[in-house]
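Residue-level listing of the chains:
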Amino acid sequence: MKTDYFSHLNPAEKKILKDKGTEAPFTGEYNDFFEPGIFVCRACKSPLYESNTKFNSGCGWPSFDDEIENAIVRYEDLSGGRVRTEICCAKCDGHLGHVFHGEEITEKDTRHCVNSLSIQFKAYEKLEQATFGAGCFWQVEKIFREIEGVYLANSGYMGGDTINPTYQEVCKGDTNHAEVVHLYFNPDVISYETLLNIFWKNHNPTTLNRQGVDSGTQYRSVVFYHSDTQKKIVEISILEESKKWKNLIVTQLVSATTFYRAEEYHQNYLNKNNLGSCGV
Ligand SMILES: [Zn+2]
């Protein structure tokens, strides 16, 4: 007998997955959601997308620029008087959404536009967080993104007073936010101490509110700690690091607050724009 993967779904889910419906934009639970984990099919529970392929396209639906291998099937869709590519779950054939190319939002230039109601999130609970401010986040993100054991590296803002700040507001300097890179890393693969060493090696911790040509409080050197253990590790590390510099280390050590993910065009900025580094 053929398995009925859709029988347990509620009417709203069935309307999408079985009857190829579309939820209203900006209403889905995963539209603005960037936690580390995996998205499975809501009908058959088959893994479909890794959260490190998720991005914010601004379209109002969860967007991914890659799929888990062999997880998705594609069909030509001529409905609505245009040619589109429908995407479905390879295991149960449940409708997910459509896939688009040529919008140039991410490096892979692909957008899987998926209904939140078609998918379900399973968190990677073993991962830990780390947040560093070391000048322009484009450069800092590029460095950490390429480190083995770092699962997610997002550019954003932390430590200020404005809720959901924009880049323009942060640049004006009156939000008190720092440009930061927020990481989810696997402590079995890379230690917090190693991440901290990468942080020290890639900026000057003795210049107050300035890195190279960038100046302003948003460029301050700062470690936002996520636990007392991290705090202690940083305190020891600052003492060690002080021996290497002639001038005083001005790096702040502050308890982590809400991380506000920066606008999508700032994510993976240097790779997307084929730039080696900032300011060149
Ligand atoms: Zn499925």
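These lines cover the structure that appears in this document, whether it is placed above or below. (Residues numbered from 1 in each chain as written. Predicted model: local features only at pLDDT ≥ 70, side-chain atom pairs only at ≥ 80, totals over all residues. Heavy atoms only, no water.)

### Remarks on the coordination of the zinc ion
The condition that has to hold: Atoms of type N, O and S within 2.8 Å of a metal are treated as its donors, and for Na, K and Ca the window is 3.2 Å; water is not considered, so some sites may appear to be missing partners. In short, tetrahedral needs four donors with all angles between 85 and 135 degrees, square planar needs four and octahedral six donors with opposite donors over 155 degrees apart and all other angles between 65 and 115, and whatever is left is irregular. Each residue's exposure class comes from its accessible area (1.4 Å probe, protein chains only) as a fraction of the maximum for that residue type: buried when under 20%, exposed when over 50%, partly exposed otherwise.
At 2.3 Å from the zinc ion lie its protein donor atoms, namely Cys-41 (SG), Cys-44 (SG), Cys-89 (SG) and Cys-92 (SG). Each of the 4 donor atoms bound to the zinc ion contributes to angles spanning 100 to 117 degrees, and the resulting shape is tetrahedral. All donors of the zinc ion come from a single chain, and their spacing in sequence reads C-x2-C-x44-C-x2-C. By relative accessible area, which is 0% here, Cys-41 ends up buried. With a relative accessible area of 8%, Cys-44 lands in the buried category.

### Focus: the environment of Leu-248
Selection criterion: Helix and strand labels come from DSSP, where a helix needs a run of H or I of at least four residues and a strand needs a run of E of at least two; each type is numbered from the N terminus. By definition, residues are in contact when any of their heavy atoms lie within 4.5 Å.
By the element assignment, Leu-248 lies in the loop between α5 (228-242) and β16 (252-255). With 40 residues separating them along the chain, Leu-248 and Leu-208 place their C-alpha atoms 9.8 Å apart. Leaving out residues up to four positions away in the same chain, Leu-248 has contacts with Pro-205 and Thr-206.

### A look at the sheet that holds β16
Quick note on the threshold: Strand pairing is defined by DSSP finding a minimum of two bridges between the two strands. In this description, a line fitted to the C-alpha atoms serves as the axis of each element, helices being fitted only across the stretch in contact, and the angle between N-to-C directions of two axes falls anywhere from 0 to 180 degrees.
Reading across the sheet, the 6 strands line up as β16-β15-β10-β12-β11-β17 and stay open at both edges, with mixed pairing between neighbours. Here the strands that pair on one side only, and so sit at the sheet edges, are β16 and β17 (260-261). Judged from the 2 bridges that link them, strand β11 (residues 150-158) and β17 form a sheet pairing that is antiparallel. Within β17, the position partnered with Tyr-157 by the bridge is Tyr-260. Its contacts with the sheet put helix α2 (residues 137-145) on β10 (128-134), β11 and β12 (178-185), and the angle it makes with β11 is roughly 165 degrees. Helix α4 (residues 192-201) rests against β10, β11, β12 and β15 (221-225) of the sheet, and its axis sits at about 15 degrees to β10.

### Remarks on the packing of aromatic side chains
Cut-off, in case you're wondering: Stacked, edge-to-face and tilted labels apply to pairs of Phe, Tyr and Trp rings (six-membered ring for Trp) whose centres lie within 6.5 Å, assigned for plane angles under 30 degrees, over 60, and everything in between, in that order. In this analysis the charged atom, NZ for Lys or CZ for Arg, is taken to sit over a ring once it is within 6 Å of the ring centre and within 35 degrees of the ring normal.
A full pass over the atoms with the stated rule returns 16 aromatic pairs. Aromatic side chains Tyr-124 and Tyr-151 sit 5.3 Å apart centroid to centroid with 80 degrees between the ring planes, which places their arrangement in the edge-to-face category. In this pair, Tyr-124 sits in the loop between β9 (119-123) and β10 while Tyr-151 sits in strand β11, placing the two residues 27 residues apart along the sequence. Judged by its relative accessible area of 29%, Tyr-124 falls in the partly exposed class. A connected cluster of aromatic rings, assembled from ring pairs, spans Tyr-30, Phe-33, Phe-39, Tyr-49, Phe-64 and Phe-121. For the cation-ring pair, Lys-54 lies above Phe-64, with the distance from its terminal atom to the ring centre recorded as 6.0 Å. The cationic tip of Arg-261 hangs over the ring face of Phe-34; the distance from NZ or CZ to the ring centre is 3.9 Å.

### Regarding the environment of Leu-96
Examined against the element boundaries, Leu-96 turns out to sit in strand β7 (residues 95-101). Leu-96 gets classed as buried once you look at its relative accessible area, which sits at 0%. Between the alpha carbons of Leu-96 and Ile-190 there is a distance of 35 Å; along the sequence they are 94 residues apart. Contact partners of Leu-96, with chain neighbours within four places excluded, come to Leu-48, Tyr-49, Ile-72, Ile-87, Cys-88, Cys-89, Cys-113, Val-114, Asn-115 and Ser-118.

### Focus on α4
Each α-helix turn comprises 3.6 residues. Residues three or four places apart therefore point the same way. Residues Tyr-192, Leu-195, Leu-196, Ile-198, Phe-199 and Trp-200 constitute the buried set of α4. Each element contacted by the buried residues of α4 is listed here: β10, α2, β11, β12, β15 and α5.

### Notes on the sheet that holds β9
The sheet built from 3 strands is open, its strands ordered β2-β1-β9 with antiparallel pairing. The sheet is open, and its two edges are formed by β2 (47-50) and β9, each paired on a single side. Ignoring which end each strand starts from, the neighbouring axes of this sheet average 30 degrees apart. Where strand β1 (residues 37-41) meets β9, 5 bridges bridge the pair, whose relative direction is antiparallel.

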